[in-house]
Amino acid sequence: MYEELYPEYKWRKNSSIAKLYQKSLAGEIKEIRKEIFFEDENFTAYLEGDRAYIKFTMRPKRQLHVALKSRGWWWNSYEKAYSTYPDRLDKEWVSAISSRYTDYI
């Protein structure tokens, strides 16, 4: 599409669309997929792009929110889930949330 529309629009080299086109030609752009690594009846934990997310079925109580914040998680309103960076992710702790914090979910 870029090549078909270029004669009409003549995008500059520094425009976002031209940069994306060059990256796609070089193979630097990859599709972002959701990779679920833990799921139960209370929440789903997954990796997407450069973030890890925990999406609860129902809103957790304040004590669990404090525990998540102390572990480096924050509320991501765009995803409506808690998120963190993959290097901070502790998959064992995430998988034990349902058993450790049963009173707060």
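Sequence order as written defines the numbering, with residues in each chain counted from 1. This being a predicted model, a pLDDT of at least 70 is required before a residue's local features are given, and a value of 80 or more before pairs of side-chain atoms are given or counted; all residues contribute to the totals for chains, interfaces and linings. Each side-chain value is derived from all of the structure's non-hydrogen atoms; neither hydrogens nor water enter the calculation.

### So, the overall build of the chain
Inclusion rule: The numbering of helices and of strands both runs from the N terminus, where a helix is a DSSP run of H or I of at least 4 residues and a strand a run of E of at least 2. Each residue's exposure class comes from its accessible area (1.4 Å probe, protein chains only) as a fraction of the maximum for that residue type: buried when under 20%, exposed when over 50%, partly exposed otherwise. Residue contacts follow a heavy-atom distance rule, with two residues in contact if any of their heavy atoms lie within 4.5 Å. Calculation of accessible area relied on Shrake-Rupley with a 1.4 Å probe; when residues are assessed, cover is drawn exclusively from the protein chains displayed.
Within the chain, the secondary structure is distributed over five helices and five strands. Of the regular secondary structure in the chain, the N- to C-terminal order runs α-α-β-β-β-α-β-β-α-α. Summarising its shape, the C-alpha atoms of the chain cover approximately 65 × 25 × 20 Å along the three principal directions. Here the chain, with 105 residues, has 31% of them falling under the buried criterion. Taking contacts inside the chain between residues at least 6 apart in sequence as the whole, the part at least 24 apart equals 39%. In the structure as shown, the chain presents an accessible area of about 8,100 Å², 48% of it carried by carbon and sulfur atoms.

### Here's the deal with the nonpolar core
What counts is decided by this rule: Here, nonpolar core refers to any group of buried Ala, Val, Leu, Ile, Met, Phe, Trp, Tyr and Cys residues whose side-chain atoms link them within 4.5 Å.
Membership of the largest hydrophobic core comes to 16 residues, with the highest contact counts inside it found for Ile54, Leu68, Trp73, Trp93, Val94 and Ile97. Not counting residues within four places of it along the chain, the set of residues in contact with Ile54 comprises Phe43, Thr44, Ala45, Leu68, Trp73, Ala81, Tyr82, Val94 and Ile97.

### Brief notes about the pairing of strand β1 (residues 34-39)
What counts here: A pair of strands is considered paired only if DSSP assigns at least 2 bridges between the two.
Looking at chain direction, β1 and strand β2 (residues 43-48) are connected through five bridges and run antiparallel. Along β2, the bridge assignment pairs Glu35 with Leu47. Here β1 hands over to β2 after three residues, the two strands then running antiparallel side by side.

### What to know about the packing of aromatic side chains
Put simply, the rule is: Stacked, edge-to-face and tilted are the three classes for Phe, Tyr and Trp ring pairs, Trp counted by its six-membered ring, which pair at centre distances within 6.5 Å; planes under 30 degrees apart are stacked, over 60 edge-to-face, the rest tilted. Only Lys NZ and Arg CZ are tested; either one counts as a charge over a ring when it is within 6 Å of the ring centre and within 35 degrees of the ring normal.
Per the stated rule, a full pass over the model turns up nine aromatic pairs. Taken together, a centroid distance of 6.0 Å and an interplanar angle of 85° make the contact between Phe56 and Tyr82 edge-to-face. Of this pair, Phe56 sits in strand β3 (residues 51-56) while Tyr82 sits in strand β5 (residues 81-84); the two residues are 26 residues apart in sequence, bridging distant segments of the chain. Look at Phe56 and you get buried, because its relative accessible area is 13%. Plain terms: the ring middles of Trp75 and Tyr82 are 5.1 Å apart, the flat faces sit at 75° to each other, and that makes the pair edge-to-face. We classify Trp75 as partly exposed; its relative accessible area is 46%. Ring pairs connect the aromatic residues Phe38, Phe43, Phe56, Trp75 and Tyr82, which therefore count as one cluster. The lysine or arginine in question, Lys34, covers the ring of Tyr46, its NZ or CZ lying 4.4 Å from the ring centre.

In short, geometric facts, not functional conclusions.
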